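# Commentary on secondary and tertiary structure
For reference, the chains in residue letters:
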Amino acid sequence: MKYLQTTTVLERGILTSTYKQEIKRAILTEKCKSISKIKGLILNHQNNVESKAAVILQVSLFIITIVMISF
């Protein structure tokens, strides 16, 4: 108990306040990175869906044109 009386508030415990602040900053940075990754995945998925829809429309128009020419 003598140890706690002779140390300052910043020196007590394993996690000092500067270390805690550093951890908080690191967590905030990681959250920002993960949010931007999620946004990127959503945008890429949306572009893939749009391009697949465009291909389906083109193929269906091509087939309709061939069927119309055949008759």
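Above this note sits the structure.
Residues numbered from 1 in each chain as written. Predicted model: local features only at pLDDT ≥ 70, side-chain atom pairs only at ≥ 80, totals over all residues. Heavy atoms only, no water.

The helix and strand tally for the chain stands at 2 helices and 0 strands. Looking at the chain as a whole, 1% of its 71 residues are labelled buried. Just so you have it, the chain exposes about 7,000 Å², and 69% of that area is on carbon and sulfur atoms. (Helix = DSSP H or I, 4+ residues; strand = E, 2+ residues; numbered from the N terminus. Buried < 20%, exposed > 50% of the residue type's maximum accessible area, 1.4 Å probe, protein only. Areas by Shrake-Rupley, 256 points an atom, 1.4 Å probe, with all protein chains shown as cover.)

Turning our attention to the pattern of salt bridges. Within the structure shown, the criterion is met by 1 salt bridge. Here lysine 33 ties to glutamate 30 by a salt bridge, and the two come within 3.8 Å at their closest N and O atoms. Taken together, the positions of lysine 33 and glutamate 30, both in helix α2 (residues 17–70) and 3 residues apart, correspond to about one turn of that helix. (Salt bridge = Lys/Arg side-chain N within 4 Å of Asp/Glu carboxyl O.)

This is a description of form; function is not addressed.
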